[in-house]
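# Analysis of the macromolecular model
Spelled out, the chains give:
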Amino acid sequence: MNSTKLRIIAIKAWRLFYLRFTAIFDFIFYRLRIPAVNISGIHLKDKKLVVFVGEFLAPRIPRMAKWLKRADSSFVALLLCHRSGYVEKFSNDSFDQTILFRNEWHLRRIIRQLPSIYIIHGFAPKSFFPDIARKMAKCPYVHDMQDVYSIYYGLNPTLNWLKKELPHEKECLEKADGIVAHSLEPNAAYGLFKTKQKPKTLFFPLYCDDDVFQQNNKILDPDNMHLVYAGGVAGSHRNPKQYGNIQFHNLIKTLSEQKIHFHIYPSPSNIKADYEEYEKIAKGNSYFHFHNPLGQEVLAKELSKYHFGILPFFKELSEQSLDKLKYATTLKLFNYIEAGIPLIVSGDLDYQSWLVNRYQIGCIIQKDALPDLKNILRKTSYNKLVINLNYAKTRLSIKKNVTRIISFYQSFY
């Protein structure tokens, strides 16, 4: 076992120990009704408290909170996030208070302590902690989903942590007062779970953040072409059956052979052990460039330096289900649109390639076409794609669509 694997195992072991050890004390404090935190940041006079709660902070949540508060000044936003899943670069200053919980019982203590709540807005993945909030809720509970774990490997996964997660995902999908679906995955999950009665559902694509829109004035030079990827990466030590779509060693080789520059910006949530080998590859390859992780507020501006954003996820590269590829969506697609750069999207990503085709903002490719990518891109009408992107940005603006979330909240009252 190599040192990278050992480091990752050590991180996971420490997190599990911390979770279980601290839970002993928080269980006792819960029974004794001892307050958990200082909630001095919450002022509710003529205001409505929206509590966002989840294990891993997804960047879609802070941008949603920002535009909700701009659209309706009566909202007060509180973020409850597990401390090991909180990523500061994903957050922003839109939350009136951020509280990081340690374990299940710490979360219960915090929720019990809160004043009158208008909506609990749980976000997944994972669904374990949001499910606790749902069960404690004395107000409407909505479950916010982009990635749905039951879609990845079906209802009988081999991974133990995933087996434990699926019952909570099922409970939230079926028993929430409402579902905010950023992708089409929840619909497919209902089919797997054979759900007869579904909660009220709002389909709310991730949308583009108007604050970070960029203009693209570049001219495409086929002999100096730069592609960019922003998101999760995995090292070669990871199991390709699970992580194959974010192991980019072969793609780096294929693009470098065509003298296409390839840039990667890893997600701020990435474990450093997963991308150290990419930093080493970049030092010896003049066509591959590995950058530091960036927050959402500056990412689009940085991406706008390049010619194309790429989504190179293909069915041959992992054992994730075809439904996962078919129905999934990812924020990086909208980050590329914000940056004003055309997209290169795998034809296996049915929903995302449909979006690209609908707005005519990029190229749809199959895996076997990657060795000829330079010639394919040479033939594109780059200026036309950029013009189409400007139109797509206005149609896919979160500022324009955020009132749909507000109406969804109001529908429970």
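Our structure's up above, just so we're on the same page.
Summarised in this report is the structure supplied together with it. (Residues numbered from 1 in each chain as written. Predicted model: local features only at pLDDT ≥ 70, side-chain atom pairs only at ≥ 80, totals over all residues. Heavy atoms only, no water.)

## Concerning the overall build of the protein chain
Rules: A helix here means a DSSP run of H or I that spans at least four residues, while a strand means a run of E at least two residues long, and both kinds are numbered starting from the N terminus. Relative accessible area decides the class of each residue, using a 1.4 Å probe on protein chains only: under 20% of the type maximum gives buried, over 50% gives exposed, and in between gives partly exposed. Two residues qualify as a contact provided that any one of their heavy atoms is within 4.5 Å of a heavy atom in the partner residue. Here the Shrake-Rupley method, with its probe set to 1.4 Å, supplies the accessible areas, and only the displayed protein chains count as covering residues.
Secondary structure assignment for the protein chain yields 18 helices and 13 strands. In terms of overall dimensions, the protein chain has a C-alpha envelope of 70 × 50 × 40 Å along the principal axes. Scored against the burial criterion, the 413 residues of the protein chain give a buried share of 57%. Within the protein chain, residue pairs in contact and separated by at least 24 positions form 75% of the contacts whose partners lie at least 6 positions apart. Summed over all atoms, the accessible surface of the protein chain reaches about 18500 Å², with 52% contributed by carbon and sulfur.

## Side note on the side chain of Arg 108
Turning to its location among the elements, Arg 108 is positioned in helix H3 (residues 104-113). Among the residues examined, Arg 108 registers a relative accessible area of 19% and is labelled buried. Apart from residues lying up to four places away in sequence, Arg 108 is in contact with Tyr 30, Ile 132 and Met 136.

## Examining the sheet that holds strand E3 (residues 97-101)
Note the threshold: Paired strands, as defined in this entry, are two strands with at least two bridges between them according to DSSP. To define axes, lines are fitted to C-alpha atoms, for helices over the stretch in contact only, and angles between the resulting N-to-C directions are given on a 0 to 180 degree scale.
Ordered by their spatial adjacency, seven strands build an open sheet running E3-E2-E1-E4-E5-E6-E7, and the pairing between neighbours is parallel. The two strands at the open ends of the sheet, each matched to only one other strand, are E3 and strand E7 (200-203). On average, each strand axis in the sheet is tilted by 20° relative to the strand beside it, whichever way the strands run. Bridge count between strand E5 (residues 141-145) and strand E6 (residues 178-181): four bridges; the pairing is parallel. Bridge pairing in E6 links Asp 144 to Val 180.

## Overview of the pattern of salt bridges
Applied cut-off: Only one rule defines a salt bridge in this text: a Lys or Arg side-chain nitrogen within 4 Å of an Asp or Glu carboxyl oxygen.
All told, the structure shown has 22 salt bridges when counted by the stated rule. The partner of Asp 96 in a salt bridge is Lys 69, and the shortest N-O contact between them spans 2.8 Å. Here Asp 96 is found in the loop between strand E2 (75-82) and E3, whereas its partner Lys 69 is found in helix H2 (residues 60-71), with 27 residues between them in sequence. Accessibility expressed as a relative area gives 33% for Asp 96, which makes it partly exposed. Between Asp 131 and Lys 135 there is a salt bridge whose closest N-O contact spans 3.6 Å. With Asp 131 and Lys 135 both in helix H4 (residues 128-136) and four residues apart, the pair spans about one turn of that helix. Among the residues examined, Asp 131 registers a relative accessible area of 1% and is labelled buried. The network of salt bridges with shared partners includes Asp 131, Arg 134, Lys 135, Glu 171 and Lys 175.

## Brief notes about the pairing of E7
Stated precisely, the cut-off is as follows: For the handedness criterion, the strands are oriented away from the viewer, and a crossover whose path from the first strand over the helix to the second runs clockwise is classed as right-handed.
Relative to E7, E6 runs parallel, the two being bridged by four bridges. Counted as the bridge partner of Ile 179 is Thr 201 from E7. Note on the crossover from E6 through helix H7 (residues 185-193) to E7: the handedness is right-handed.

## Side note on a nonpolar patch on the surface
We apply this condition: Like charges are joined within 9 Å and nonpolar side chains (Val, Leu, Ile, Met, Phe, Trp, Tyr) within 5 Å, but only among residues with over 30% relative accessible area and no salt bridge; these make up the patches.
There is a patch of nonpolar side chains on the surface, built from Trp 14, Phe 17, Phe 21, Ile 24, Phe 25, Phe 27, Ile 28, Phe 29, Leu 32 and Ile 34 and spanning about 970 Å² of accessible area. Take Phe 17: it is sitting in helix H1 (residues 3-31).

## Quick look at the packing of H3 against H4
Using the following cut-off: A clockwise turn of the near helix away from the far one marks a right-handed crossing, whereas an anticlockwise turn of less than a right angle marks a left-handed crossing. Residue polarity is assigned by list, with Asp, Glu, Lys and Arg as charged and Ala, Val, Leu, Ile, Met, Phe, Trp, Tyr, Cys and Pro as nonpolar; anything else, Gly included, falls into the polar class.
Between H3 and H4, the least distance of the axes is 10 Å, while the angle of their chain directions is 35°. Read as a crossing pair, H3 and H4 show a hand that is right-handed. Contacts from Glu 104, Leu 107, Arg 108, Ile 111 and Arg 112 of H3 reach H4 at Phe 128, Phe 129, Ile 132, Ala 133 and Met 136. The class makeup of the residues in the contact of H3 with H4 is seven nonpolar, no polar and three charged.

## Quick notes on the packing of aromatic side chains
The test is simple: Classification of ring pairs uses Phe, Tyr and Trp, with its six-membered ring standing for Trp, and accepts pairs whose centres are within 6.5 Å; under 30 degrees between planes counts as stacked, over 60 as edge-to-face, and the remaining range as tilted.
What the rule picks out here adds up to 27 aromatic pairs. For the ring pair Tyr 229 and Phe 248, a centre distance of 4.6 Å and an interplane angle of 55° mean the geometry is tilted. In this pair, Tyr 229 sits in strand E8 (residues 226-231) while Phe 248 sits in the loop between helix H8 (240-243) and helix H9 (249-257), placing the two residues 19 residues apart along the sequence. Each member of the pair, Tyr 229 together with Phe 248, is buried. Ring centres of Tyr 265 and Tyr 306 lie 6.2 Å apart, and the angle between their planes is 50°; this geometry places the pair in the tilted category. Taken as a pair, Tyr 265 in strand E9 (residues 261-266) and Tyr 306 in the loop between helix H11 (296-303) and strand E11 (308-311) lie far apart in primary sequence, 41 residues in all. Both residues of the pair, Tyr 265 and Tyr 306, belong to the buried class. Ring pairing ties together the aromatic residues Tyr 229, Phe 248, Phe 262, Tyr 275, Tyr 278, Phe 288, Phe 290 and Phe 313, which thus form one cluster.

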